[in-house]
Amino acid sequence: MQQTTIIGIAGGTGSGKTTLAKKLKTAFSDEDVIILCHDYYYRAHDELSYEERTRLDYDHPDAFETTLLIDHLKKLRQGKTIYRPVYSFSDYNRTGDVVEVKPARVIILEGIMIFEDRALRELMDMKVFVDTDADVRILRRLVRDVKERGRSLDSVVRQYLETVKPMHEQFVEPSKKYADIIIPRGGHNQVALNMLINRVRSLLDE
Ligand code: CTP
C-alpha cells in the first residue's frame, strides 16, 4: 500500500489557512490530495438550545471531537474510506449529515488548534503555521462571519473579546513552536505556496 502524507496547516482565525489549503489542493487531482478541516469535528450539542450554543467557547481544545478526527486519519492512512461529520456555523451544531472521504496520497489537515493536541500532531508529516497579523485576521473574520456564517457585528465583536482572543493567546500562538515551516501573510504568499506545491509534487512522484 502507498504511504499517506499528512500536511498540517495551523494558524489563528482569519489567518488564511483555508485559502492556502485550497490553493495547494487546486494544483493536484482529487484522487491525490484531499483537505480535511478540524472544524468539521466541532462537537454536536443537540442537548442545548440555539441561544445556549451561541454562548459556548469554540476556541478551546475541548470544543472539538479530536479523537474522532484522529480515528478518521488513521483509517484513511490504512486506505479506508471515512464518513466525516458536517458542521453548520449558522446553527452552531452538526447537521447530522456525513460526507464520504476516500483515502488519498496526501491529506491537508487544517485548523486553528491542530498542533495543540499531541496525538494529532504526531500524525503529521509536515507542520505549517500561517502567521498573519492579528488586525488583518480580525478584519477578515468580521467580514466572513457576517457574510458567510450568518452572524451580527455585535456577536462577532463580543465573541472575539470574550473567547477568541484569550484562547488564541493560550492555545494557538504557543502551538506555533511545533511548526516546521512558518508562512507569513497566509494564502497570498505565492513563494511559500510554490514551495509547498513542489514538495507535494515530489512526494507524489516518489
Ligand atoms: N467558530 C464559531 N462558531 C462556531 C464554531 C466555531 O464562531 N459554532 C469559530 C471559532 O471561534 C474559531 C473559528 O470558528 O475561532 C475557526 O475557524 P477559522 O479558523 O476562523 O476559519 P478557517 O476558514 O478554518 O481558517 P482561516 O480563516 O484561517 O482561513
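Note that the coordinates shown come from a computational prediction; the quantities given were computed from them, not determined experimentally.

> Help me understand the UniProt feature "binding site: ATP" (unreviewed entry) in the protein chain in this model?
Using the residue numbers shown here, the UniProt feature "binding site: ATP" (unreviewed entry) corresponds to Gly 11, Gly 12, Thr 13, Gly 14, Ser 15, Gly 16, Lys 17 and Thr 18. If you take the residues mentioned a moment ago, the ones lining the second largest cavity come down to Thr 13. Looking at the element boundaries, Thr 13 is found in the loop between strand 1 (5-11) and helix 1 (17-26). In this structure Thr 13 touches Ile 112, Arg 137, Arg 141, Arg 144 and Val 164, once residues within four positions along its chain are discounted. Relative to the helices and strands, Lys 17 is located in helix 1. Using a relative accessible area of 7% as the deciding quantity, one classes Lys 17 as buried. For Lys 17, the contacting residues outside a window of four places in its chain are Ile 9, Ala 10, Gly 11, Gly 12, Glu 110, Gly 111, Ile 112 and Val 130. A distance of 2.9 Å separates a polar atom in the side chain of Lys 17 from the backbone oxygen of Gly 12.

> I tried to follow the packing of aromatic side chains on my own but got confused; where do I start?
We describe a pair of aromatic rings using the distance from one ring centre to the other and the angle between the two ring planes. Scanning the model with the defined rule gives 7 aromatic pairs in all. With centroids separated by 4.2 Å and ring planes inclined at 25 degrees, the aromatic side chains of Tyr 42 and Phe 64 adopt a geometry described as stacked. Taken as a pair, Tyr 42 in the loop between strand 2 (33-37) and helix 2 (50-54) and Phe 64 in the loop between helix 2 and helix 3 (66-77) lie far apart in primary sequence, 22 residues in all. For Phe 64, a relative accessible area of 1% gives the class buried. Taken together, a centroid distance of 6.3 Å and an interplanar angle of 80 degrees make the contact between Tyr 42 and Phe 89 edge-to-face. Here Tyr 42 is found in the loop between strand 2 and helix 2, whereas its partner Phe 89 is found in the loop between strand 3 (82-88) and strand 4 (93-101), with 47 residues between them in sequence. In textbook terms, an aromatic cluster arises when at least three aromatic residues are bridged by ring pairs, as seen for Tyr 42, Tyr 50, Tyr 58, Phe 64, Tyr 87, Phe 89 and Tyr 92. Over the ring of Tyr 178 we find Arg 121; its NZ or CZ atom is 3.6 Å from the centre of that ring. One Lys or Arg, Arg 149, reaches over the ring of Phe 89 and ends 3.5 Å from the middle of that ring.

> Quick question: what am I supposed to make of the UniProt feature "domain: Phosphoribulokinase/uridine kinase" (unreviewed entry) in the protein chain here?
Taking the UniProt record as the reference, the feature "domain: Phosphoribulokinase/uridine kinase" (unreviewed entry) is found at residues 6-192. This span, residues 6-192, is 36% helix and 22% strand, and a straight line between its end C-alpha atoms measures 18 Å.

> Sorry if this is basic, but what is going on with unusual backbone geometry here?
Outside of glycine, negative phi angles account for most residues, and trans bonds account for most peptide bonds. Within the chain, Tyr 92 stands out as a residue other than glycine whose phi angle is a positive 55 degrees. Tracing the sequence through the fold places Tyr 92 in the loop between strand 3 and strand 4. Even without glycine at this site, Arg 185 takes up a positive phi of about 70 degrees. Here Arg 185 lies in the loop between strand 7 (181-184) and helix 7 (190-205).

Reading the values: the criteria
- Residues numbered from 1 in each chain as written.
- Predicted model: local features only at pLDDT ≥ 70, side-chain atom pairs only at ≥ 80, totals over all residues.
- Heavy atoms only, no water.
- UniProt positions renumbered as here; feature names shortened; annotations may be inferred.
- 1 Å grid on protein atoms, 1.4 Å probe; cavity = no way out; pocket = protein on both sides within 12 Å on 5 of 7 lines; lining within 4 Å.
- Helix = DSSP H or I, 4+ residues; strand = E, 2+ residues; numbered from the N terminus.
- Contact = heavy atoms within 4.5 Å.
- Buried < 20%, exposed > 50% of the residue type's maximum accessible area, 1.4 Å probe, protein only.
- Polar contact = N/O pair within 3.5 Å; in protein donor to acceptor, adjacent residues only side chain to side chain.
- Phe/Tyr/Trp six-rings, centres within 6.5 Å; stacked < 30°, edge-to-face > 60°.
- Lys NZ or Arg CZ within 6 Å of the ring centre and 35° of its normal.

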